[in-house]
Every structure is written in structure tokens, then in C-alpha cells.
Amino acid sequence: MYDYLIVGAGLYGAVFAREAVKAGKTCLVIDKRPHIAGNIYTQRVEGINVHVYGAHIFHTNSKRVWDYVTQYADFNRFTNSPVANYKGELYSMPFNMYTFNKMWGVVTPEEAAAKIQEQRREVTGTPRNLEEQAISLVGRDIFEKLVKGYTEKQWGRDCKNLPAFIIKRLPVRLTFDNNYFNALYQGIPIGGYTGLVERLLEGIEVRLNTDYLADKANLDALADKVVYTGPIDAYFDYRLGYLEYRSVRFETELLDMPNFQGNAAVNYTDRETPWTRIIEHKWFEFGKDENGNDLPKTVISREYSSEWKPGDEPYYPVNDERNGALYQQYKALADQESKVLFGGRLGEYKYYDMDRVIESALNRAAEVL
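Residues numbered from 1 in each chain as written. Predicted model: local features only at pLDDT ≥ 70, side-chain atom pairs only at ≥ 80, totals over all residues. Heavy atoms only, no water.

**Let's talk about the overall build of the chain**
Alright, step 1. Helices and strands together make up the secondary structure of the chain, namely 12 helices and 16 strands.
Alright, step 2. Taken against the 2.2 N^0.38 rule, which gives 21 Å for 369 residues, the C-alpha radius of gyration of the chain at 22 Å falls within 12% of a compact globule.
Alright, step 3. Counting only C-alpha atoms, the chain reaches 70 × 55 × 35 Å along its principal axes.
Alright, step 4. The buried share of the chain, reckoned over its 369 residues, is 54%.
Alright, step 5. In the chain, the proportion of contacts linking residues at least 24 apart, taken out of those at least 6 apart, comes to 72%.
Alright, step 6. For the chain, the accessible area works out to roughly 17,100 Å², and carbon and sulfur atoms hold 48% of it.
Alright, step 7. For the chain, the centre of its 45 positive side-chain charges and the centre of its 51 negative side-chain charges are spaced 2 Å apart. (Helix = DSSP H or I, 4+ residues; strand = E, 2+ residues; numbered from the N terminus. Rg over C-alpha atoms; globule rule 2.2 N^0.38 Å. Buried < 20%, exposed > 50% of the residue type's maximum accessible area, 1.4 Å probe, protein only. Contact = heavy atoms within 4.5 Å. Areas by Shrake-Rupley, 256 points an atom, 1.4 Å probe, with all protein chains shown as cover. Lys, Arg positive; Asp, Glu negative; His and termini not counted. Charge placed at Lys NZ, Arg CZ, Asp CG, Glu CD.)

**Quick look at the packing of helix α4 (residues 109–120) against helix α5 (residues 130–138)**
Alright, step 1. In contact at an axis separation of 6 Å, α4 and α5 are set at 145° when each is read in the N-to-C sense. On the side of α4, the interface is formed by Ile-116, Gln-119 and Arg-120, while α5 contributes Ile-135, Ser-136, Leu-137 and Val-138.
Alright, step 2. Here the residues of the contact of α4 with α5 sort into four nonpolar, two polar and one charged. (Axes fitted to C-alpha atoms, helices over the stretch in contact; angles between N-to-C directions. Nonpolar A, V, L, I, M, F, W, Y, C, P; charged D, E, K, R; others polar.)

**Examining the environment of Ile-278**
Alright, step 1. Along the chain, Ile-278 turns up in strand β13 (residues 277–280).
Alright, step 2. Relative accessible area serves as the criterion here: at 1%, Ile-278 is assigned to the buried category.
Alright, step 3. The spatial distance from the C-alpha of Ile-278 to the C-alpha of Gly-54 is 9.8 Å, given a sequence separation of 224 residues.
Alright, step 4. In this structure Ile-278 touches Phe-260, Gln-261, Ala-264, Ala-265, Val-266, Tyr-268, Ile-300, Ser-301 and Arg-302, once residues within four positions along its chain are discounted.

**Details of unusual backbone geometry**
Alright, step 1. Geometrically, the link from Met-93 to Pro-94 is a cis peptide bond, its omega value of -10° lying close to zero.
Alright, step 2. Relative to the assigned elements, Pro-94 resides in the loop between β7 (89–92) and α3 (97–104).
Alright, step 3. The backbone of Asn-209 sits at a positive phi, close to 55°, despite the residue not being glycine.
Alright, step 4. Structurally, Asn-209 can be placed in the loop between β9 (205–207) and α8 (216–220).

**Digging into the layout of surface pockets**
Alright, step 1. Considered as a void within the structure, the second largest pocket measures approximately 250 Å³ in volume.
Alright, step 2. Taken together, 16 residues form the lining of the second largest pocket, with Ile-190, Glu-285, Lys-288, Asp-289 and Glu-290 sitting closest to its centre.
Alright, step 3. By residue class, the composition of the lining of the second largest pocket is four nonpolar, six polar and six charged. (1 Å grid on protein atoms, 1.4 Å probe; cavity = no way out; pocket = protein on both sides within 12 Å on 5 of 7 lines; lining within 4 Å. Points joined across faces, edges and corners; volume = space filled by probe spheres on them.)

**Thoughts on the pattern of salt bridges**
Alright, step 1. Counted under the stated rule, the structure contains 28 salt bridges.
Alright, step 2. Lys-22 is paired through a salt bridge with Glu-19; the nearest N and O atoms lie 2.9 Å apart. Of this pair, Lys-22 and Glu-19 both sit in helix α1 (residues 11–22), separated by three residues, roughly a single helical turn.
Alright, step 3. Between Glu-46 and Lys-297 there is a salt bridge whose closest N-O contact spans 3.8 Å. (Salt bridge = Lys/Arg side-chain N within 4 Å of Asp/Glu carboxyl O.)

**Observations concerning the environment of Gly-187**
Alright, step 1. Along the chain, Gly-187 falls in strand β8 (residues 185–187).
Alright, step 2. For Gly-187 and Ala-113, which are 74 residues apart along the polypeptide, the C-alpha to C-alpha distance reads 31 Å.
Alright, step 3. Excluding residues that lie within four positions of it along the chain, Gly-187 makes contacts with Ile-57, Phe-58, Phe-75, Asn-76, Phe-78 and Tyr-193.

**Considering the sheet that holds strand β2 (residues 27–30)**
Alright, step 1. With parallel pairing, five strands are arranged side by side in an open sheet as β9-β2-β1-β10-β16. In the strand order of this sheet, the two ends are held by β9 and β16 (340–342), each with one partner. Within this sheet the neighbouring strands show an average axis-to-axis angle of 20°, counted without direction.
Alright, step 2. Bridge count for strand β1 (residues 2–7) against strand β10 (residues 223–228) is five bridges, and the pairing is parallel. If you follow Tyr-2 over to β10, its bridge partner there is Ala-223. (Pairing = 2+ DSSP bridges.)

Here you go:
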């Protein structure tokens, strides 16, 4: 008999398991996938750590989280500086002086601010949708080239039919600063994320290819308490209806060339290009192997955003009013489950960055252990 059955060997489950073991508890971690690390799983291909489920860049302003995670991995100094490709025109992201210079030929922050101000006037009153919200923040030109197509591909809907709150703010920097996250601590675990999760789970029993919901009664009987990190609506057999997600499909290729695009992430912001972005994985670790040698090949992944349907991998919760209200109903059911703790991105139906997942797991562990 274990103290805890932890459903999901991703970041939340692994951090909770580590804390539980530190507190003298016994744990069994299960996952229905054939590997640990959930969506942050990295796989080594030709010396390159490939982010199998999309790019993951660790960034946080929390010293507590940074001190915690760096016990289990050394991080490099990778800084996220994506490039936007609009029909072959390249722009710096987030929107900064390089972007404004390329867009309008302006040279000073004053000229850039005046240009944005002039274009924002198009929207008067409270923005009624995402298009108006974006224009009210950055103006028509930036909206048309760098926001509209990308956002419509990501959400599968016209910007006029998306709620304004999705883009509450767009970073506008009147400086030459390409650091997207601007976080105090930022980087990628040297050797990939799988190694980080391996170290969190060291000495803890893990069973893979184990579907909790398919054998719930037997698995529940193995432990006093359950930590469940799967979709909350699936736990309750969708009895109140399905929560909505956006899903992502990846087309990954190994290329016999040293450099495909010269950057880890290039966003394709026109509507016609079917993918949202291309990730070139080697640049997360500066194109070198652990001995500092240049890698002769490269691996790229094209990302396609899609509507989620049962059976797909859920990625991004659709946090609109309908789904928010439905989640609250599921949460009320979850609160009645005395033996089960719900956590993580799917268990809490939240778009969590990795640092927030760790923080949430640490807080929950401190509360119950």
C-alpha cells in the first residue's frame, strides 16, 4: 500500500512525488504514455534534444522556483528572441524598436510612439473583440502583419469573433530589446527536460503505459491518496460535458544541413502559411553538443494549431466564459473527492507556464504533506 498514487509523470506529478518522498511518504507514479516528463519530454536525435511536444523555454521571476529547479538540472543561458516571418519580411519579437524601424522606418522611440498613437485612434470606446483590442494597443499595421494571421491560425477563428480579453496586453517596447520574457531567470536544462524529470523521480517507482481511468478501481486500491493531473472532465467521465482545448500537431524532420533558419523559433504570421511556427531545436542549446562541437544536422518541427476533439492531446485550455463556468462545476465535484487531489494544467484547467506548475505543486505539497 502506497501513501500516494500520482497519476501523470509530468512536471506537477514529478515535483509532488519528490516532495512526498522527502516527507517520508511512499509513492507510485503512473503515466499512460510510454515515457516520463509529460509535454516537456525531450528526445535525443543526432545529438539534438528535440522538444517533442513543442518548444518549452523555462522562465521565472520566482527565486524560490529557480532555486528549486536548479537543484535537479543545470540550465544554460538561452534567451527567447523569436522572429516573425510575414510573407518573407522578418520582424523582431516582441514588438520593439527593431520591429518599428522595419515596419515604418522610424529611428527614435518618440517617432515610434507617435506612429503607434496615431494608428490606435482608429478604435474608440471599449474594444468589442480581439481585433479592436489589438489595434487599440499596437495600431493597424502591426495588427495586420504580426497579430491577425497568427492569432486566427492559433484559435481557428476570425479575430472579430474572438473575445477582446485574449489579448489584454501586447508587449510594446520602445527599446532595442529582443528578450521576449524579460524574466529574471531564464534558460533550458542542459541535456534536455527529460533528464530534469528523471532526477526529480530518482528512486521513485514509475509505471508507464498505465491508463488510470481504464483501471481506476484497482489502481485507487493501491494507495491512501491520489494526485490526479489528467483532464478534470475526463476524471468525471465528461458527465457535465466536455471542456474545450486547442490542440497542436507537429511535423518533425531531420535535415542534413547545419542551419535551417538561424533561430530557435520563427512565427509565420500570415494567414496563408498553414503552420503557426517552425522550431529549430538545436538553437535551444546554441547548436552545440555537450562537448561544445558544432552539430552537422538539424531537426525542425512545424506546428499546426487545431480544434481539440476527444482522443487528441489537449494543449491550451480555451479560457472563455462558457468553459470557465463548466470548469467551476467540475471543480465543485472535485472538491467532494476526499481521497483525490487535482493538480496541473489539465487537472486545474489553467494555462500554466512551467514555473507556475512547479509553484502550484510545491504549494499543494506543503499544504497536505
